[in-house]
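Residues per chain, in single letters:
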Protein chains: 2
Amino acid sequence: MRIAVDAMGGDYAPQQAVFGSIMAAKEKKIASVLVGRSEEISRELARYPDYPQDLITIQEAREVVEFSDHPAMAVRKKRDSSIVVANQLLKKGEVDAVISAGSTGASMTASLFVLGRISGINRPAIAIPLPTVKGVTVLLDAGANAENDPQDLVQFAVMGTIYASAVLGVATPKVGLLSIGEEETKGNKLVLETHQLLKESGLDFLGNIEGKDILMGLADVVVCDGFVGNIILKFAEGMSSALFQKMKEALLQSPLTKLGALAIKPSLKQLKASFDYSEYGGAPLLGVKGVSIISHGRSDAKAFKNAIIAAANAVEQDVIGKIQSSLDRNGK
Amino acid sequence: MRIAVDAMGGDYAPQQAVFGSIMAAKEKKIASVLVGRSEEISRELARYPDYPQDLITIQEAREVVEFSDHPAMAVRKKRDSSIVVANQLLKKGEVDAVISAGSTGASMTASLFVLGRISGINRPAIAIPLPTVKGVTVLLDAGANAENDPQDLVQFAVMGTIYASAVLGVATPKVGLLSIGEEETKGNKLVLETHQLLKESGLDFLGNIEGKDILMGLADVVVCDGFVGNIILKFAEGMSSALFQKMKEALLQSPLTKLGALAIKPSLKQLKASFDYSEYGGAPLLGVKGVSIISHGRSDAKAFKNAIIAAANAVEQDVIGKIQSSLDRNGK
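Residues numbered from 1 in each chain as written. Chains lettered and ligands numbered in written order. Predicted model: local features only at pLDDT ≥ 70, side-chain atom pairs only at ≥ 80, totals over all residues. Heavy atoms only, no water.

**Structural notes on the packing of helix α1 (residues 15-28) of chain A against helix α2 (residues 38-45) of chain A**
Residues and elements named next belong to chain A.
Reasoning step 1: Interhelical geometry of α1 versus α2 gives an angle of 55 degrees and a closest axis separation of 10 Å. Between α1 and α2, the interaxial angle falls into the category oblique. In the crossing of α1 with α2, the sense of the turn from one axis to the other is right-handed. Residues Gln15, Val18 and Ile22 of α1 lie in contact with α2, whose contacting residues are Ile41, Glu44 and Leu45.
Reasoning step 2: For the contact of α1 with α2, the class distribution of residues is 4 nonpolar, 1 polar and 1 charged. (Axes fitted to C-alpha atoms, helices over the stretch in contact; angles between N-to-C directions. Helix = DSSP H or I, 4+ residues; strand = E, 2+ residues; numbered from the N terminus. Parallel < 35°, antiparallel > 145°, perpendicular 65-115°, else oblique. Left-handed = near helix turned anticlockwise from the far one by under 90°. Contact = heavy atoms within 4.5 Å. Nonpolar A, V, L, I, M, F, W, Y, C, P; charged D, E, K, R; others polar.)

**Overview of the pattern of salt bridges**
Reasoning step 1: A full pass over the atoms with the stated rule returns 28 salt bridges over all chains.
Reasoning step 2: Between Glu210 of chain A and Lys234 of chain B there is a salt bridge, and its shortest N-O distance comes to 2.5 Å. Here Lys234 of chain B lies in helix α8 (residues 226-251) and Glu210 of chain A lies in the loop between β9 (204-209) and β10 (221-223), a pairing that spans two chains.
Reasoning step 3: By relative accessible area, which is 18% here, Lys234 of chain B ends up buried.
Reasoning step 4: Counted as one network, the salt bridges with shared partners bring together Glu210, Lys212 and Asp213 of chain A together with Lys234 of chain B. (Salt bridge = Lys/Arg side-chain N within 4 Å of Asp/Glu carboxyl O. Buried < 20%, exposed > 50% of the residue type's maximum accessible area, 1.4 Å probe, protein only.)

**Points about the sheet that holds strand β8 (residues 174-178) of chain A**
Residues and elements named next belong to chain A.
Reasoning step 1: Strands sit in the order β6-β7-β10-β8-β9 across an open sheet of 5 strands; the sheet is mixed. At either margin of the open sheet sits one strand with a lone partner, and together these are β6 (128-131) and β9. If you compare each strand with its neighbour and ignore which way they point, the axes differ by 30 degrees on average. (Pairing = 2+ DSSP bridges.)

**A look at the pairing of strand β7 (residues 136-140) of chain B**
Each regular strand displays side chains that alternate between the two surfaces of the sheet.
All names here are of chain B.
Reasoning step 1: The element β7 is extensively covered by neighbouring structure, given that 4 of its 5 residues are classed as buried.
Reasoning step 2: Where strand β6 (residues 128-131) lies against β7, 4 bridges are found, and the strand directions are antiparallel. Note on β7: the bridge partner recorded for Pro131 is Val136.
Reasoning step 3: The hairpin turn running from β6 into β7, its antiparallel successor, is 4 residues long.
Reasoning step 4: As paired elements, β7 and strand β10 (residues 221-223) share 3 bridges and run parallel to each other.

**Quick word on the domain arrangement of chain A**
All names here are of chain A.
Reasoning step 1: Parsing chain A into structural domains produces domain 1 (1-121 + 287-332) and domain 2 (130-246).
Reasoning step 2: Here the C-alpha centroids of domain 1 and domain 2 sit 26 Å apart.
Reasoning step 3: With 17 residues of domain 1 at the contact, the number on the domain 2 side is 12 residues.
Reasoning step 4: Taken together, both faces of the contact between domain 1 and domain 2 bury some 1200 Å²; the carbon and sulfur share is 67%.
Reasoning step 5: Close ionic contact of Arg298 with Glu237 constitutes a salt bridge, the shortest N to O distance being 4.0 Å.
Reasoning step 6: Here domain 1 is connected to domain 2 by 2 residue pairs in polar contact (both at pLDDT 80 or more).
Reasoning step 7: Of all the secondary structure elements, the ones that give two or more residues to the side of domain 1 that touches domain 2 are α10 (301-316) and α11 (319-330).
Reasoning step 8: Looking at the side of domain 1 that touches domain 2, the element that brings in the most residues is α11, giving 5 residues. (Domains from an automatic or database assignment. Buried area = accessible area lost by both parts, 1.4 Å probe. Polar contact = N/O pair within 3.5 Å; in protein donor to acceptor, adjacent residues only side chain to side chain.)

**Describing helix α5 (residues 104-115) of chain A**
All names here are of chain A.
Reasoning step 1: Look at α5: 16 Å from first C-alpha to last across 12 residues, which is about the 16 Å you get at 1.5 Å a residue.
Reasoning step 2: For α5, the tally of buried residues reaches 9 of 12 residues, placing the bulk of the element in the interior.
Reasoning step 3: Looking at α5, one finds that the buried residues are Gly105, Ala106, Ser107, Met108, Thr109, Ala110, Ser111, Val114 and Leu115.
Reasoning step 4: Elements that come into contact with the buried residues of α5 comprise α3 (71-77), α4 (82-91), β4 (97-100), β5 (125-126), β11 (283-286) and β12 (291-294).
Reasoning step 5: Looking one or two places after α5, you find Gly116, whose phi comes out positive at around 85 degrees. (Expected span 1.5 Å × (residues − 1).)

**Notes on the packing of aromatic side chains**
Residue and element names in this part refer to chain A.
Reasoning step 1: Under the counting rule described, the total for this entry stands at 3 aromatic pairs over all chains.
Reasoning step 2: Between Phe19 and Tyr48 the ring centres are 4.9 Å apart and the planes differ by 10 degrees, which places this aromatic pair in the stacked class. With Phe19 in helix α1 and Tyr48 in the loop between α2 and β3 (56-60), the pair connects residues that are 29 residues apart, well separated along the chain. (Phe/Tyr/Trp six-rings, centres within 6.5 Å; stacked < 30°, edge-to-face > 60°.)

**Some details on the nonpolar core**
Reasoning step 1: If you look at the biggest cluster of nonpolar residues, it comprises 217 residues, and the most contacted ones within it are Ile214 of chain A together with Ile214 of chain B.
Reasoning step 2: Beyond its immediate stretch of four places on either side in the chain, Ile214 of chain B contacts Phe235 of chain A together with Leu130, Thr132, Thr137, Leu139, Leu178, Ile209, Val222 and Ile232 of chain B. (Core = buried A, V, L, I, M, F, W, Y, C linked by side-chain atoms within 4.5 Å.)

**Digging into the relation of the copies chain B and chain A**
Reasoning step 1: When chain B is fitted to chain A, the best match, at an RMSD of 0.0 Å, comes from turning it 180 degrees and sliding it 0.0 Å along the axis. The transformation just described matches what one would write down for a two-fold rotation axis. Relative to the rotation axis, the C-alpha of Gly260 of chain B is the closest in chain B, positioned 1.9 Å from it.
Reasoning step 2: Of the interface residues in chain B, 100% have counterparts in chain A that sit at the interface too, so the contact is made through matching surfaces. (Least-squares fit on C-alpha atoms with pLDDT ≥ 70 in both.)

**Things to note about the sheet that holds strand β12 (residues 291-294) of chain B**
Residue and element names in this part refer to chain B.
Reasoning step 1: Overall, mixed pairing links the 7 strands, which are arranged β3-β2-β1-β4-β12-β11-β5 in an open sheet. Pairing within the sheet leaves two strands with one partner each, and these edge strands are β3 (56-60) and β5 (125-126).
Reasoning step 2: Here β5 runs beside strand β11 (residues 283-286); their pairing, made up of 2 bridges, is antiparallel. Within the sheet, the bridge partner assigned to Ile126 lies in β11 and is Leu285.
Reasoning step 3: Against the sheet, helix α10 (residues 301-316) touches β1 (2-6), β2 (31-36), β4 (97-100) and β12, its axis set at about 155 degrees to β4.

**Points about the interface of chain B and chain A**
Reasoning step 1: Across the contact, 50 residues belong to chain B and 50 residues belong to chain A.
Reasoning step 2: Together, the buried faces of chain B and chain A total about 4700 Å²; carbon and sulfur atoms form 78% of this surface.
Reasoning step 3: When the buried surface of chain B facing chain A is broken down by residue, Ile180, Phe227 and Phe235 of chain B rank first, second and third, together holding 15% of it.
Reasoning step 4: Taken together, the connections running from chain B to chain A amount to 2 salt bridges.
Reasoning step 5: Inspection of the region where chain B meets chain A yields 6 residue pairs in polar contact (both at pLDDT 80 or more).
Reasoning step 6: Mapped onto the side of chain B that touches chain A, the elements with two or more residues apiece are α7 (189-199), α8 and α9 (255-274) of chain B.
Reasoning step 7: Top element by residues in the side of chain B that touches chain A is α8 of chain B. It accounts for 21 residues.
Reasoning step 8: Residue classes in the side of chain B that touches chain A are distributed as 28 nonpolar, 16 polar and 6 charged.

The following block contains the structure:
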């Protein structure tokens, strides 16, 4: 098992990517290929003299796709960028999966262009694992698409079910269709049509679920178009920031609250962590021919480590093969 | 000023509606007409012997629209229901505004059927005030529509601007268009088209904003279609429940955390309240010919009181007249 890590991607590159790879190597014996400017990566590796040299290698790539670059343009022009080279390694079979915390658009485009779509898949989707009160729910599409049709959403449901079952260990994942009411007559045209298709899909379809049901963990797989999914994902991030910011202010109000805050600090930290994306190892781009994990731009070493572990799981569980054979079975 | 309150609407009807009206009368000298089954309302009023009798009257209505009723059907069939009668009082000019915490669908339908649309408005919208880290932002449409076109969204922006300025006291409200990226090239077809229209609308248009910007208070008015708005609103409710539920568990972990929790309890309560819809007095249905406030089904007396105050403000500030003249001015 070898995972290509885009060492130049993310707000804290290459430091956190490098240390995350070392953590995964030490703790899980997973090998990484760090892709990017070798002098920068080597300099960073030199800070960890005891790093497992047999498990960490470097693949030179001179260019870097910046967050300010136009994703599709950058991927086309910067052929020697870390994100493109990482995907090429996967395409050539030199690694088993690829991870990037760089621009989501560029990661997506690079995987789509270099790896290509699984035959039969119309549109790949970003499947984001969301922490709920019960465990983890996969929501897709979280933003690979700006617009989708009913057939796309059915494919998302199929891919999400396979991912939840193979990687997250949910025996028979329940699928919920995100809408504005539980009744099958509630929703926009896209949802009304998708509902009928999902009823006949053979999946464990719960029916429509509402926004409030997502974090209650009602469904294991939540299906929506990429526009809605991306807005929810970003809204959740913003709401979490807003709440914890307000909470901090509340806890610093008086000497008494400060004392109280001290007593509950470890519990609160744990709480914050349980709503933290980095625990869940990034979001797979499902539907491309290879395991491609898109991590948050703010990823720290732990987030990279978890993404590497998630990628290894997806490879071991043959998620791509399972998606392919499910499509073949259903003649889609 | 007299406000019709649907005394039979909401999870805690008629108790909380009645007590909320008494609070508004005592604290703000606002008169209410309690609409519903008079014997139930009288029995409730009798529990407050000193209630201001000159400010609280009863209007008999024998029927009740239940949450389980089909909204449009119920409004058409139950002509003597509290929600229909309350709207008729407004139509006849016997009251200045109407408030209901009953089924959102029924309140909306009753106001739409009985009051009618403001001439030139294609689709009314529910404008929900959301607490942000900076203050309050109005998001619309929060669920009056399952589908919208660009012209609808421009009208939402106009109505939201008028409401934010007249009722929430924002001098020149900034309008944000909810999308999946700040650039004007990001979004679905609806958003791309709306963006161009808003640029030429004469409103203080910020451009696209993302999900994470909403609760940061970047815009005073956030515009989106009713499907997206409703999902966000419900998601926010669910996320708030999930977080405070998890926080409670975290605070009861050990004797030490329990002690700490005791010290911060008042601050946390305040925090929870600041993210609580009931502080903000319900959501106006903008675009109908009259002030109609839709309150949350879980409204308590304070929520009713705040809804009554918000309704009185909207009447005093002539929100309906301002929407009408803005449409006339722009020839829409």
